[in-house]
Amino acid sequence: MANNPDIDRAVSALAAGELVAFPTETVYGLGADATSDEAVARIFAAKGRPQINPLIVHVADVEDARKLGEFNETANFLADALWPGPLTLVVPKSRGCPVSLLASAGLDSIGIRVPSHPVARHLLRAFGKPVAAPSANISGKLSPTRAEHVAEQLSDKVSVILDEGGTEVGLESTIISCLTDPPSLLRPGGLSREAIEQVLGKPLQEGIDDQGRPLAPGQLHNHYAPGALVRLEAGDVRPDEALLAFGADVPEHSGPIRNLSPSGDTVEAAANLFAFLHELDGEADRIAVMPIPNEGLGEAINDRLRRAAAPRALDANGKTA
Ligand code: TXA
Ligand code: MG
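Keep in mind that this is a model prediction, so the values were computed, not measured.

Section: empty space enclosed by the protein
Link 1 in the chain: Considering all chains together, one arrives at one cavity of 30 Å³ or more under this definition.
Link 2 in the chain: When its volume is computed, the largest cavity comes out at roughly 40 Å³.
Link 3 in the chain: Lining the largest cavity are Thr174, Leu185, Pro188, Gly189, Leu191, Ser192, Arg193, Gly296, Glu299 and Ala300.
Link 4 in the chain: Residue composition of the lining of the largest cavity, grouped by class: four nonpolar, four polar and two charged.

Quick look at helix H2 (residues 37-47)
Link 1 in the chain: Every buried residue of H2 is listed here: Ala39, Val40, Ile43, Phe44, Ala46 and Lys47.
Link 2 in the chain: Buried residues along H2 sit in contact with strand E2 (29-33), strand E6 (131-132) and helix H6 (147-154).
Link 3 in the chain: Two residues or fewer past H2, Gly48 is found with a positive phi of approximately 65°.

Here's the deal with the confidence of the model for the protein
Link 1 in the chain: The predicted model of the protein averages 91 in pLDDT, with 91% of residues at 70 or higher.
Link 2 in the chain: Ignoring residues within four places in sequence, the model shows residues 314-321, a span with pLDDT below 50, making 12 contacts including any to other chains.

Quick notes on the side chain of Thr174
Link 1 in the chain: With respect to the helices and strands, Thr174 occurs in strand E8 (residues 174-177).
Link 2 in the chain: A relative accessible area of 1% means that Thr174 is categorised as buried.
Link 3 in the chain: For Thr174, the side chain forms a polar contact with the main-chain nitrogen of Gly190, separated by 3.4 Å.
Link 4 in the chain: When neighbours within four sequence positions are excluded, Thr174 is seen to be in contact with Pro86, Leu87, Thr88, Leu185, Arg187, Pro188, Gly189, Gly190, Leu191 and Ile196.

Details of the packing of helix H1 (residues 4-15) against helix H5 (residues 118-127)
Link 1 in the chain: Relative to each other, H1 and H5 sit at 50°, their axes nearing to 10 Å. Considered as vectors, H1 and H5 are oriented oblique to each other. Between H1 and H5 lies a crossing whose hand is right-handed. On H5, the residues that touch Asn4, Ile7, Ala10, Val11, Leu14 and Ala15 of H1 are Val119, His122, Leu123, Ala126 and Phe127.
Link 2 in the chain: Of the residues that constitute the contact of H1 with H5, the class distribution is nine nonpolar, two polar and no charged.

Considerations on the pattern of salt bridges
Link 1 in the chain: Under the counting rule described, the total for this entry stands at 21 salt bridges.
Link 2 in the chain: Close ionic contact of Glu172 with Arg304 constitutes a salt bridge, the shortest N to O distance being 2.9 Å. In this pair, Glu172 sits in the loop between strand E7 (160-161) and E8 while Arg304 sits in helix H9 (residues 298-309), placing the two residues 132 residues apart along the sequence.
Link 3 in the chain: Since its relative accessible area comes to 1%, Arg304 is described here as buried.
Link 4 in the chain: With a closest N to O distance of 2.6 Å, Asp303 and Arg304 form a salt bridge. As far as burial versus exposure is concerned, Asp303 and Arg304 are alike and both buried.
Link 5 in the chain: The network of salt bridges with shared partners includes Glu172, Asp303, Arg304 and Arg307.

Structural notes on the packing of helix H4 (residues 73-82) against helix H7 (residues 193-200)
Link 1 in the chain: Between H4 and H7, whose axes approach to 10 Å, the crossing angle comes to 120°. Here H4 is positioned oblique relative to H7, judged by the angle of their axes. Taken as a pair, H4 and H7 cross one another with a handedness that is right-handed. In contact with Thr74, Phe77, Leu78, Ala81 and Leu82 of H4, H7 contributes Ile196, Val199 and Leu200.
Link 2 in the chain: A class-by-class count of the residues in the contact of H4 with H7 yields seven nonpolar, one polar and no charged.

Things to note about the environment of Leu186
Link 1 in the chain: Within the secondary structure, Leu186 sits in strand E9 (residues 184-187).
Link 2 in the chain: Considered as a pair, Leu186 and Ala41 are 145 residues apart in the sequence and their alpha carbons are 24 Å apart.

Considerations on the pairing of strand E12 (residues 242-245)
Link 1 in the chain: Here E12 shows two buried faces, one formed by Ala242 and Leu244 and the other by Leu243 and Ala245.
Link 2 in the chain: Of the strand pairs in this sheet, E12 and strand E14 (residues 286-289) are connected by three bridges, and their pairing is parallel. Bridge pairing in E14 links Ala242 to Ile287.
Link 3 in the chain: Note that E12 and strand E13 (residues 257-259) share three bridges and pair parallel. Within the sheet, the bridge partner assigned to Leu244 lies in E13 and is Arg258.

Digging into unusual backbone geometry
Link 1 in the chain: Across the junction of Trp83 and Pro84, the peptide omega takes the value -5°, indicating a cis bond.
Link 2 in the chain: Its place among the elements puts Pro84 in the loop between H4 and strand E4 (87-92).
Link 3 in the chain: Pro182 follows Asp181 through a cis peptide bond whose omega is -5°.
Link 4 in the chain: Even without being a glycine, Ala105 presents a positive backbone phi close to 50°.
Link 5 in the chain: Here Ala105 shows up in the loop between E4 and strand E5 (109-113).
Link 6 in the chain: One non-glycine residue with positive phi stands out, namely Glu233, at about 55°.
Link 7 in the chain: Along the polypeptide, Glu233 turns up in the loop between strand E11 (229-231) and E12.
Link 8 in the chain: With relative accessibility at 57%, the residue Glu233 sits in the exposed group.

Parameters at a glance
Residues numbered from 1 in each chain as written. Chains lettered and ligands numbered in written order. Predicted model: local features only at pLDDT ≥ 70, side-chain atom pairs only at ≥ 80, totals over all residues. Heavy atoms only, no water. 1 Å grid on protein atoms, 1.4 Å probe; cavity = no way out; pocket = protein on both sides within 12 Å on 5 of 7 lines; lining within 4 Å. Points joined across faces, edges and corners; volume = space filled by probe spheres on them. Nonpolar A, V, L, I, M, F, W, Y, C, P; charged D, E, K, R; others polar. Buried < 20%, exposed > 50% of the residue type's maximum accessible area, 1.4 Å probe, protein only. Helix = DSSP H or I, 4+ residues; strand = E, 2+ residues; numbered from the N terminus. Contact = heavy atoms within 4.5 Å. pLDDT = per-residue confidence, 0-100. Polar contact = N/O pair within 3.5 Å; in protein donor to acceptor, adjacent residues only side chain to side chain. Axes fitted to C-alpha atoms, helices over the stretch in contact; angles between N-to-C directions. Parallel < 35°, antiparallel > 145°, perpendicular 65-115°, else oblique. Left-handed = near helix turned anticlockwise from the far one by under 90°. Salt bridge = Lys/Arg side-chain N within 4 Å of Asp/Glu carboxyl O. Pairing = 2+ DSSP bridges.

Shown next, in the form of structure tokens:
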């Protein structure tokens, strides 16, 4: 685990308005002091992220979360049952909420998360203020599940990277809006819909876009894009493709291959998804992905894969930018 000197350096950097990459149980975050406009602006600049896209604000515990937002009965219930964990709750901002307007993109609601990763919690406690943190990747690229992924993309922009190896869940948090009743699913993620609905005792509403897909504001269709072209629901694999497999029944292939979960477990597959996409991206120009069931974390995996496969502009050589 990161030792105290590392956490101390990270806290000093945050206090100086600098950026810090830190592990959470979902993916690595690119953190800044959420109460400082200037520090938050550095996040948008480092990621090349559109400023219409609000950031998730991280705090050490539920009491701190209640200082930032108005928690109704349902929000309190979800927070008490499911935090700390891979869940973001969108609630109305509290009066006098100290979070920079830039972090919430001018909305009067706020996305808050209490992560469970011990180093994230240690950092948040030691800093003592809310930390705005999107995933620590360039906007639109694959999210980082290892410190190396952060260093590849952002090493010149961050003051400290707290390296804790691979993240446990591997997908970003599930985002639930408590602005509707029942609450709505804005982004499938590391906590399955089924797990949340079981706690809630009723189905979530869909937060949907114009094409009927779950959506949180600012989510781009071609988010999570590797450089390689991605072909989904592949029943076969072509010689020039890399294969991202799932389950026991894998087609013969002599090219690059990774199996998300030989036993067909969506939790294991989620943990491997971004790391394997990163790896295959370095080994082939095209990636074929076998079908993945839409249950459990499969819903979030398929959401990320659809975005990875979304049409992108090609350059003169037929490569993506
Ligand atoms: O697992 C995670 O959630 C990671 C780790 C670092 O915590 N963070 C993350 O943040 O994925 P980011 O910035 O990549 O995703 C934030 C998403 C935005 O796309 C936005 O749609 C949604 O959170 N969001 C934030 N505030 C919101 C609000 N007030 N209303 C609706 N959606 C909001
Ligand atoms: Mg992201």
